[in-house]
Amino acid sequence: IVEIDTVGCSSSDTIDLVNPDLPDLDVVDGYELCDGETFRLTSRLAADAFRWSNGQTGPQFSTLTGGTYNVMFDFGVCSRFIDIVLDFLAPPVVELGSDLEVFEVIPLVVESGFCGGWQDGSTGPTFTTLLDGEYKVVVTQGPCVVADSVGVTFLDAPIFTLGEDQLGCQGSEIGVDISLPAPGETRFISWNDGTSSVESRSFTEAGTIWVEIENEDGCLTRDSVELAFSIPPVLDLGQDTT
């Protein structure tokens, strides 16, 4: 209120000042997104106008570029202003590689390089399996979610046996035969002394004999057998007697 008095004449006037209660802004000052994604933001405030620093208007804002942006909200004669910092983060590189074919008897370890969630709900940087199938890992780093999968096939390893350990008499020979369940298939046979492509051999010295067999798929199986020789007893009935 103001009152003016001039030479006995007075006059007055009043004005009401109102500071309205403005709503809280639903936009915060920092956001993180993964590279390659489009950042989208929609304000649900009932503002009279929205003025974004990249020239967009209206409650919706989008961009592919990180940086600092600002937005002005107009509520009648009142305005509110806020800065927005937007960071685009590089996603982790998760690569399980090409589909795999491995030996039936060797557990396969699938490695992602990052701690992630696997298809069975387990977590960790690796997954070990002995079964055929499709294996998938999902890695989350901040706002970035990356997934990869790999197919695993276990090939049949060659099945054979050298039999039980053997005991022979010193001065004699012990025969070692490779028992192949499916003769006729192409296989690569290698003995511990370098001999190859032989399925049956004889030995006169004690020791451990092992054989490796590799099939056409590259699967390798090894078996071994222990050979021992006993000294024969000395038998003497004396001289001939008449």
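Residues numbered from 1 in each chain as written. Predicted model: local features only at pLDDT ≥ 70, side-chain atom pairs only at ≥ 80, totals over all residues. Heavy atoms only, no water.

So what exactly am I meant to see when it comes to the overall build of the chain here?
The helix and strand tally for the chain stands at 0 helices and 19 strands. A compact globule built from 242 residues should have a C-alpha radius of gyration of about 18 Å, whereas the chain, at 42 Å, is more than 25% larger. Overall size of the chain, expressed as C-alpha extent along the three principal axes, is 180 × 40 × 25 Å. Each of the 242 residues in the chain was classed as buried or not, and the buried ones make up 29%. For the chain, the share of sequence-separated contacts (at least 6 apart) that also reach a separation of at least 24 residues comes to 45%. Taken together, the 8 basic and 41 acidic charged side chains of the chain have centroids lying 9 Å from each other. (Helix = DSSP H or I, 4+ residues; strand = E, 2+ residues; numbered from the N terminus. Rg over C-alpha atoms; globule rule 2.2 N^0.38 Å. Buried < 20%, exposed > 50% of the residue type's maximum accessible area, 1.4 Å probe, protein only. Contact = heavy atoms within 4.5 Å. Lys, Arg positive; Asp, Glu negative; His and termini not counted. Charge placed at Lys NZ, Arg CZ, Asp CG, Glu CD.)

Help me understand the sheet that holds strand S7 (residues 67-75) in this model?
Within a beta sheet, neighbouring strands are joined by backbone hydrogen bonds and run either parallel or antiparallel to one another. The mixed open sheet is built from 4 strands, whose spatial order is S3-S8-S7-S5. Taken across any chain shown, the strands that pair with only one partner, and hence form the sheet edges, are strand S3 (30-34) and strand S5 (49-52). For this sheet, the mean angle separating the axes of adjacent strands, direction not counted, is 25°. Note: S5 against S7, 4 bridges, orientation antiparallel. Note that in S7 the partner of phenylalanine 50 across the bridge is phenylalanine 73. (Pairing = 2+ DSSP bridges. Axes fitted to C-alpha atoms, helices over the stretch in contact; angles between N-to-C directions.)

Explain the sheet that holds strand S10 (residues 108-118) to me, please; I cannot follow it from the model alone.
Spatial ordering of the open sheet is given by S9-S13-S12-S10-S11, a layout of 5 strands whose pairing is mixed. Of all the strands in the sheet, just strand S9 (100-103) and strand S11 (123-129) have a single pairing partner and so form its edges. Strand-to-strand, the axes of this sheet are offset by a mean angle of 30°, without reference to chain direction.

Explain the packing of aromatic side chains here, please?
The description of two aromatic rings rests on the distance between their centres and on the angle between their planes. Under the definition given, this model contains 9 aromatic pairs. Plain terms: the ring middles of phenylalanine 127 and tyrosine 135 are 5.4 Å apart, the flat faces sit at 40° to each other, and that makes the pair tilted. Grouping aromatic residues by their ring pairs yields a cluster made of Tyr31, Phe39, Trp52, Phe61 and Tyr69. One Lys or Arg, arginine 222, reaches over the ring of tryptophan 210 and ends 3.8 Å from the middle of that ring. (Phe/Tyr/Trp six-rings, centres within 6.5 Å; stacked < 30°, edge-to-face > 60°. Lys NZ or Arg CZ within 6 Å of the ring centre and 35° of its normal.)

Is there a simple way to think about the pairing of strand S17 (residues 200-203) in this case?
In regular strands, side chains alternate between the two faces of the sheet. Residue alternation in S17 divides its side chains into a buried set, Arg201 and Phe203, and an unburied set, Ser200 and Ser202. With 4 bridges joining them, strand S15 (residues 174-177) and S17 adopt antiparallel strand pairing. Paired with glycine 175 across the bridge in S17 is serine 202.

Scope: geometric values only; no functional claims are made or implied.
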